[in-house]
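# Architecture and fold: a report
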Amino acid sequence: MELFDAIKGRRSIRKFKDAPVKDSDIVAIIDVARKAPSPGNSQPWHFIIVKNKPLMKQLAEAVRKATDQLIGWSKDEKTKKKLEGYKKSYYTLFENAPVTIVVLTEPYISDTEIILKEQSFNQEEILLRRPLPGLQGVSAAIQNLILAAHALGYGTCWMTGPIIAVHEIIKILNINPSKYPVALIPIGIPDESPAERPRKGIEEIMTIIK
Ligand SMILES: Cc1cc2nc3c(=O)[nH]c(=O)nc-3n(C[C@H](O)[C@H](O)[C@H](O)COP(=O)(O)O)c2cc1C
């Protein structure tokens, strides 16, 4: 598939057919995810491929529990209602996919950040001067991953909602303490073909300085 077609044709897929994802396709997808750029070529990523259905249900249950806690904390009825909706699908839909890829990253601490910390800059100022380069790297890998999956005929959904249950996810998947999950990506053969979601106009998002 041509690159521009892959970028334009990809959609977030939230309904999957009960059909397997080939192991060789998963390997091909991860192979190109790792070609993404990263700060200092640190490659701050790791991918856990979850094919075990009971484990996936356990993860979804943990997300539901964490969302319930959030609902309990919320003081606003409208927000509570929205979160109830998220609990049913937006945060948990991965449990209905044949495979979920859990994307891990690791802290990326540059010399610059160390110097800024030594100079007692606050976290907000450090974030402005070093806008999460590690997270930007792993995000580039995720974008490669979802585009490659689409090119092979699979649907995906980049999900950060489930990370509300980060500590439970770490425990359930026995994740090495040096790493932490940043996204869940369900993958499977699409069972829906959603229309393109609206995008801001080019003139709204682009400024040319001559
Ligand atoms: C960082 C990030 C986090 C997202 N988290 C979720 C999520 O938790 N659940 C979900 O259903 N979709 C999630 N999405 C998908 C967005 O809702 C979707 O990309 C957006 O509405 C545009 O639709 P499209 O991907 O079909 O173009 C996320 C996307 C990104 C990039």
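Residues numbered from 1 in each chain as written. Predicted model: local features only at pLDDT ≥ 70, side-chain atom pairs only at ≥ 80, totals over all residues. Heavy atoms only, no water.

## Digging into the overall build of the chain
Going by this rule: Strands are runs of DSSP state E lasting at least two residues, helices are runs of H or I lasting at least four, and both sets are numbered from the N terminus onward. The size measure is the radius of gyration over C-alpha atoms, and the globule rule it meets is 2.2 Å times the number of residues to the 0.38 power. Burial here depends on accessible area, computed with a 1.4 Å probe over protein chains only, as a share of the maximum for the residue type. Under 20% is buried, over 50% is exposed, and the range in between is partly exposed. Note on areas: Shrake-Rupley, 1.4 Å probe, and residue coverage restricted to the protein chains presented here. We treat Lys and Arg as the positive residues and Asp and Glu as the negative residues; His and chain ends play no part in the count. Every charge is mapped to an atom, namely NZ of Lys, CZ of Arg, CG of Asp or CD of Glu.
Helix and strand counts for the chain stand at 9 helices and 4 strands. Reading the chain from its N terminus to its C terminus gives the helix and strand order α-α-β-α-α-β-α-α-α-β-α-β-α. The globule rule puts the C-alpha radius of gyration for 210 residues at 17 Å, and the 19 Å found for the chain is close to it. On the principal axes, the C-alpha backbone points of the chain span a range of 55 × 45 × 40 Å. The buried share among the 210 residues of the chain stands at 39%. If you sum the accessible surface of the chain, you get close to 13100 Å²; carbon and sulfur atoms cover 55% of it. Charge-centre separation for the chain: the mean point of 30 positive side chains lies 3 Å from the mean point of 24 negative side chains.

## Examining the environment of Q43
As a reminder of what qualifies: Under this definition, polar contacts are N or O atom pairs within 3.5 Å; protein pairs additionally need one hydrogen-donor-capable and one acceptor-capable atom, and for neighbouring residues in sequence, both atoms have to be side-chain atoms.
As for its placement among the helices and strands, Q43 is situated in the loop between α2 (23-33) and β1 (46-50). On the basis of relative accessible area, Q43 is assigned to the partly exposed category, the value being 37%. Residues Q43 and G155, spaced 112 residues apart in sequence, show a C-alpha to C-alpha distance of 25 Å. A distance of 3.1 Å separates a polar atom in the side chain of Q43 from a polar atom in the side chain of N41.

## Re helix α3 (residues 53-73)
The test is simple: Every helix has an expected span of 1.5 Å times one less than the residues it contains. What makes two residues a contact is simply this: any of their non-hydrogen atoms within 4.5 Å.
Taking 1.5 Å of rise per residue, the 21 residues of α3 would be expected to cover 30 Å, and the 30 Å separating its terminal C-alpha atoms lies within 8% of that figure. Of the surrounding elements, those touching the buried residues of α3 are β1, α4 (77-90), β2 (99-105) and α8 (166-172). Where α3 begins, the capping side chain belongs to N52, and its oxygen is found 2.9 Å from the backbone nitrogen of L55.

## Details of a nonpolar patch on the surface
For the record, the criterion: Residues enter patches when they are more than 30% accessible in relative terms and free of salt bridges; like-charged ones are connected within 9 Å and nonpolar ones (Val, Leu, Ile, Met, Phe, Trp, Tyr) within 5 Å. A pairing counts as a salt bridge when a side-chain nitrogen of Lys or Arg comes within 4 Å of a carboxyl oxygen of Asp or Glu.
A grouping of I202, I205, M206 and I208 is seen on the molecular surface, where their side chains present a nonpolar patch of about 450 Å² in accessible area. By secondary structure assignment, the location of I208 is in the segment after α9 (202-205).

## Some details on the nonpolar core
Defined as follows: Within this scheme, the nonpolar core is defined by two criteria: the residues are buried Ala, Val, Leu, Ile, Met, Phe, Trp, Tyr or Cys, and they are joined through side-chain atoms within 4.5 Å.
Ranked by internal contacts, the top residues of the largest apolar core, which has 26 residues, are F94, V102, M159, A165, I169, L173 and L184. Where this core is concerned, the elements lending two or more residues are α3, β2 and α8. The contacts of M159, once residues within four sequence positions are left out, are S89, Y90, Y91, T92, L93, F94, A183, L184, I185 and P186. Of all hydrophobic cores here, the second largest spans 23 residues; its members include I30, A33, W45 and I101.

## Structural notes on the packing of aromatic side chains
Filter applied, for reference: Any pair of Phe, Tyr and Trp rings, taking the six-membered ring for Trp, is counted once the centres come within 6.5 Å. Such a pair is stacked with planes under 30 degrees apart, edge-to-face with planes over 60 apart, and tilted for the rest.
A complete count under the given rule lists 3 aromatic pairs for this structure. Taking the centre distance of 5.0 Å and the plane angle of 40° together, the rings of Y86 and Y91 count as tilted. Classification of Y91 by relative accessible area gives buried; the value is 11%. On the basis of an interplanar angle of 40° and a centroid distance of 6.3 Å, the ring pair of Y90 and Y91 is categorised as tilted. Within the aromatic cluster, the residues linked to one another by ring pairs are Y86, Y90 and Y91.

## Thoughts on the site of the ligand
The test is simple: Proximity is defined per residue: if any heavy atom of the residue lies within 4 Å of a molecule or strand, that residue is considered near it. Residues are grouped as follows: Ala, Val, Leu, Ile, Met, Phe, Trp, Tyr, Cys and Pro are nonpolar; Asp, Glu, Lys and Arg are charged; all remaining types, including Gly, are polar.
Looking at the ligand, there are 14 residues lining it, with S12, R14, Y90, R197 and R199 nearest. Between an oxygen atom of the ligand and a side-chain N or O atom of R197, the distance comes to 2.8 Å. Protein contact buries 76% of the 610 Å² of open area that the ligand shows by itself. Residue composition of the shell around the ligand, grouped by class: 6 nonpolar, 3 polar and 5 charged.

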